[in-house]
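# Coordinate inspection notes
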Amino acid sequence: MKAIKKLLSLAWLPATVMMLTIFAFSSIPSDSMPSFDWADFLVKKGGHALGYGLLATAYLYAYQLDTSKWKIAWILAFLYALSDEYHQSFVAGRFASWGDVVIDSVGAIIALRFLVPKLNAVKKIKNKG
């Protein structure tokens, strides 16, 4: 039983690392944020989508890549996006944005919609062999 609990807790390590990384970036005051000149919007919003795509993937990994759990992985990413935006409302010069929650959620769903069919195809091949 202890071995199973250890395995399950390690399965959540990538998600925990991603959540801590997102939290750290969200904690940067606006006057300390880098500017990417003309690409600023694209880089920052693309970073949102990529970060939450990785987070959703990490959540699915925590569920042993069980593709039937993709909705749970997406909901967890969505809920973390909500909590992250709330957190940002307390950071100097930052504010909560529904638009960012949408971008985060779309990034998560794109990653899952890309990953789940690939995982199902791999499972199908393994089951044949």
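In the block above lies the structure referred to throughout.
We now turn to the structure provided with this report. Source: prediction; values computed, not measured.

## Re the overall build of the protein
From N to C terminus, the protein includes 5 helices and 0 strands. The N-to-C order of helical and strand elements in the protein reads α-α-α-α-α. For the C-alpha atoms alone, the extent of the protein along its principal axes is close to 55 × 35 × 20 Å. Looking at the 129 residues of the protein, the share that counts as buried comes to 30%. A separation of at least 24 residues holds for 72% of the contacts in the protein among residues at least 6 apart in sequence.

## Regarding helix 2 (residues 13-26)
Between its first and last C-alpha atoms helix 2 spans 20 Å; for 14 residues at 1.5 Å apiece the expected length is 20 Å, and the two agree. Those residues of helix 2 that sit buried are A15, M18, I22 and S26. Down the axis, helix 2 shows its buried residues gathered within 70 degrees of arc, on one side only. In this structure, the buried side of helix 2 is in contact with helix 3 (40-62) and helix 4 (70-88).

## A look at the packing of aromatic side chains
The tally for this structure, following the rule as stated, stands at 5 aromatic pairs. Both rings, one in Y86 and one in F90, keep their centres 5.0 Å apart while their planes meet at 85 degrees; by these two values the pair is edge-to-face. The burial state of Y86 is the same as that of F90; both residues are exposed. Ring pairing ties together the aromatic residues W12, Y59 and Y63, which thus form one cluster.

## Here we look at the packing of helix 3 against helix 4
Two elements in contact, helix 3 and helix 4, have axes separated by 8 Å at closest approach and are oriented at 135 degrees. By the criterion of interaxial angle, the relationship of helix 3 to helix 4 is oblique. For the pair helix 3 and helix 4, the sense of crossing is right-handed. Side by side, helix 3 and helix 4 meet where H48, Y52, L55, A56, Y59 and L60 of the first sit next to W70, A73, L76, A77, Y80, A81, D84, E85 and Q88 of the second. Residues that form the contact of helix 3 with helix 4 fall into these classes: 11 nonpolar, 2 polar and 2 charged.

## What to know about helix 5 (residues 98-128)
Its 31 residues place the ends of helix 5 45 Å apart at the C-alpha level, agreeing with the 45 Å of an ideal helix rising 1.5 Å per residue. Residues of helix 5 that are buried include every one of D100, V101, D104, S105, G107, A108, A111, L112, L115, V116 and L119, and no others. Contacts made by the buried residues of helix 5 are with helix 3 and helix 4.

## Section: the nonpolar core
Among the nonpolar cores identified, the biggest contains 19 residues, and I22, Y52, L55, Y59, L60 and Y80 are the most heavily contacted of them. Sorting the residues of this core by element identifies helix 2, helix 3, helix 4 and helix 5 as the ones contributing at least two each.

Calculation rules
- Residues numbered from 1 in each chain as written.
- Predicted model: local features only at pLDDT ≥ 70, side-chain atom pairs only at ≥ 80, totals over all residues.
- Heavy atoms only, no water.
- Helix = DSSP H or I, 4+ residues; strand = E, 2+ residues; numbered from the N terminus.
- Buried < 20%, exposed > 50% of the residue type's maximum accessible area, 1.4 Å probe, protein only.
- Contact = heavy atoms within 4.5 Å.
- Expected span 1.5 Å × (residues − 1).
- Arc of directions from axis to C-beta.
- Phe/Tyr/Trp six-rings, centres within 6.5 Å; stacked < 30°, edge-to-face > 60°.
- Axes fitted to C-alpha atoms, helices over the stretch in contact; angles between N-to-C directions.
- Parallel < 35°, antiparallel > 145°, perpendicular 65-115°, else oblique.
- Left-handed = near helix turned anticlockwise from the far one by under 90°.
- Nonpolar A, V, L, I, M, F, W, Y, C, P; charged D, E, K, R; others polar.
- Core = buried A, V, L, I, M, F, W, Y, C linked by side-chain atoms within 4.5 Å.

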